[in-house]
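What follows is each chain in one-letter form.
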Amino acid sequence: MDENSNEPPTSAVLLDSCHFSQVVFNNVEKFYVPGGDITCYYTLTQNILPRGKDWVGIFRVGWKTTREYYTFMWAPLPSDIPSDTTVQQQIQFKAYYLPKDDEYYQFCYVDQDGLVRGASVPFQFRAETEDDILVVTTQGEVEEIEIQNKNLRKENEELKASCASLQKQNTDLQEEVKNTQELQNNLESLRSNTEKLEQELNSLKKENKHLKELGDCREAELHQLKEQIQNVTSDKEYLETRMKTVLDYMDQLQSQVSNYEKEVENLSRMDHVKTEQLESLKEENHQLHVSRAQRVKSPLISHDLSNITLPSQQQNCDLMKELEEQKCLFQILEVKKKEADEENQKLREKHEGLMRHLSQAREVSPFSIASQAQAPMPAPRAEGLLFGNPYCAAEANLGAGAAGAADIASLRKCPMCDEVFPEEIATSQYEAHVQSHLLECPVCSESFDKSKKQVFDDHVFCHGLE
């Protein structure tokens, strides 16, 4: 109950649940004179613990609950007295608040829970008369009193039955309250579990969102890998084309080397023949000198010998010059053969490198291709080629699938002067620029670098010897 409330704490508990022996009322009169204050004396036993909201009320006899009080006064708290002893208390009711009829009343001590802890004997509020000493009743009144007592007993039985029914209802209600409490606890547990499940659901939603983002990233990476695979495939096709071109060029170079070898062999054979002729001429000249020395005394013979020697000396000089020219040509052809062999060896190494790269491109998985495509492939150097390699700058960045723009820029770089041609420059202009650095043989249409003009002249000269 609210401590600031002016109404006393009451309850609907019936009389059977009250304990009337915990507070004993003392010196209660049979009747009190109306118009005067009355003092109520009572004793608190050791079975009760007084509290601040306890009160003493005046009840009409026949009351059923503590809510049926006529008037009340707050019970004073006793001073510091041990709880194992009885305490004498008193309280005064003002005349203004007392009943004005002559019905029977009694004092009741009610604790702050609304339960009765003690009740006094009945009393009345009326003036004292001589009739109070002796009361004479007639037989009719006695019969009427007995009828009233019988009705009261019957009413008492009904009240007891009603009380038993109410007690049963109270027990059922307490059981229902207990069940309700259990249901409340279960509800709280379910709420707690629901909150945990909601937290787990939110966590799963966040994780699902994160997984979706990862899936989108994976799809983007997969798309990028597919593009890189396409780039690598196109690069592989380009490499195959380049390899075919290099093989054709190697065949051409091998054919040239075979021609050079045949020329060298022919020149060696001619040199051998010329050498034999020279030796024969030397031997003949020696014999002529010996013969001239033996016949020096004869002028006629000497004149004839001189006529014979002069043509021989002229022929010998011509043969010496021709032999020197053949030796120079032989040396030139030897140098060309050596250069052709070196170029052939470089082309073989380049061919082997292209074959290895092509086999790796065929065997590697799509994902490893994508990872390898990001590493630059070694490009063969153009130093050993007679007219340079116009694609050497492109092959340096051939494997970088993700750098398409850089590859295009590198493919449009002049192999002679390293000049870079932007995309807006036409291919024909780029090819014309590269062609300006080359010399083309008028016989076999073979190209040579302008910086190697001597090699070009020797090549054209060899065509003149055939």
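Reading guide: rules and limits
- Residues numbered from 1 in each chain as written.
- Predicted model: local features only at pLDDT ≥ 70, side-chain atom pairs only at ≥ 80, totals over all residues.
- Heavy atoms only, no water.
- Helix = DSSP H or I, 4+ residues; strand = E, 2+ residues; numbered from the N terminus.
- Buried < 20%, exposed > 50% of the residue type's maximum accessible area, 1.4 Å probe, protein only.
- Contact = heavy atoms within 4.5 Å.
- Areas by Shrake-Rupley, 256 points an atom, 1.4 Å probe, with all protein chains shown as cover.
- Pairing = 2+ DSSP bridges.
- Axes fitted to C-alpha atoms, helices over the stretch in contact; angles between N-to-C directions.
- Core = buried A, V, L, I, M, F, W, Y, C linked by side-chain atoms within 4.5 Å.
- Polar contact = N/O pair within 3.5 Å; in protein donor to acceptor, adjacent residues only side chain to side chain.
- Disulfide = S-S within 2.5 Å.
- Phe/Tyr/Trp six-rings, centres within 6.5 Å; stacked < 30°, edge-to-face > 60°.

When its secondary structure is counted, the chain shows seven helices and eleven strands. Buried positions account for 28% of the 466 residues belonging to the chain. Sequence-distant contacts, at least 24 apart, represent 64% of the contacts inside the chain between residues at least 6 apart. Surface exposure of the chain reaches about 31,100 Å², of which carbon and sulfur atoms provide 52%.

Pairing in this open sheet of three strands is antiparallel, and the strands run E1-E3-E6 from one edge to the other. On the outer flanks of this sheet lie strand E1 (23-26) and strand E6 (87-93), each paired with one strand and no other. Across the sheet, the axes of successive neighbouring strands diverge by a mean angle of 30°, strand direction being ignored. Taken together, the seven bridges between strand E3 (residues 38-44) and E6 define a ladder with antiparallel strand orientation. Note on E6: the bridge partner recorded for Tyr41 is Gln90.

Nonpolar side chains in soluble globular proteins tend to end up buried together. One finds Tyr42, Val56, Phe93, Phe107 and Tyr109 to be the most contacted residues of the largest nonpolar core, which totals 20 residues. Mapped onto this core, the elements with two or more residues apiece are E1, E3, strand E4 (55-60), E6 and strand E7 (105-110). Ranked by residues supplied to this core, first place goes to E3 with four residues. Non-local contacts of Phe107, meaning those with residues more than four positions away in its chain, are made with Phe25, Val28, Tyr32, Ile38, Cys40, Gly57, Ile58, Phe93, Gly118, Ala119, Ser120 and Phe123.

Looking now at the environment of Tyr41. Within the element layout of this structure, Tyr41 appears in strand E3. Remark: the alpha-carbon pair of Tyr41 and Gln89, spanning 48 residues in sequence, is separated by 6.0 Å. Among residues more than four places away in sequence, those in contact with Tyr41 are Val24, Phe25, Asn26, Asn27, Gln89 and Gln90.

Bringing the side chain of Thr66 into the picture now. Within the fold, Thr66 resides in the loop between E4 and strand E5 (69-74). Taking relative accessible area as the criterion, Thr66 reaches 2% and is therefore assigned buried. Of the polar contacts made by the side chain of Thr66, one reaches the backbone oxygen of Gly114; its length is 3.4 Å. Beyond its immediate chain neighbours, meaning those up to four positions away, Thr66 contacts Thr10, Ser11, Trp55, Phe59, Val110, Gly114 and Val116.

Here the focus is the state of the cysteines. Under the criterion given, the structure shown has zero disulfides. Of all cysteine sulfurs in the structure, the one in Cys417 sits closest to Cys414, which takes part in no disulfide; the separation is 3.6 Å. With no disulfide of its own, Cys441 lies closest to Cys444 among cysteine sulfurs, the gap being 3.7 Å. A relative accessible area of 1% places Cys441 in the buried class.

Before going further, it helps to spend a moment on the environment of Pro442. Topologically, Pro442 is positioned in the loop between strand E10 (438-440) and strand E11 (447-449). With 21 residues separating them along the chain, Pro442 and His463 place their C-alpha atoms 9.9 Å apart. When near neighbours in sequence (up to four residues on either side) are disregarded, Pro442 contacts Phe456 and Val460.

Right, let's talk about the pairing of strand E8 (residues 116-119) for a bit. By the bridge criterion, three bridges tie E7 to E8 in an arrangement that is antiparallel. When the bridges of E8 are listed, Cys108 appears paired with Ala119. A loop of five residues connects E7 with E8, the two strands running antiparallel in sequence, and Gly114 in this loop sits at a positive phi of about 85°.

For the rest of this paragraph, the subject is the sheet that holds E8. Strand pairing within a sheet occurs via backbone hydrogen bonds; the two strands may be parallel or antiparallel. With antiparallel pairing, the four strands of this open sheet are ordered in space as E5-E4-E7-E8. On the outer flanks of this sheet lie E5 and E8, each paired with one strand and no other. When the angles between neighbouring strand axes are averaged without regard to direction, this sheet yields 25°.

What follows covers the packing of aromatic side chains. Overall, the coordinates contain 19 aromatic pairs when judged by the stated rule. Considering the side-chain rings of Phe59 and Tyr69, the 6.5 Å spacing of their centres and the 75° angle between planes classify their relative orientation as edge-to-face. Taken as a pair, Phe59 in strand E4 and Tyr69 in strand E5 lie far apart in primary sequence, ten residues in all. For Phe59, a relative accessible area of 0% puts it in the buried group. Ring geometry for Phe107 versus Phe123: centroids 4.7 Å apart, planes at 35°, classification tilted.

Purely geometric numbers; function is a separate question.
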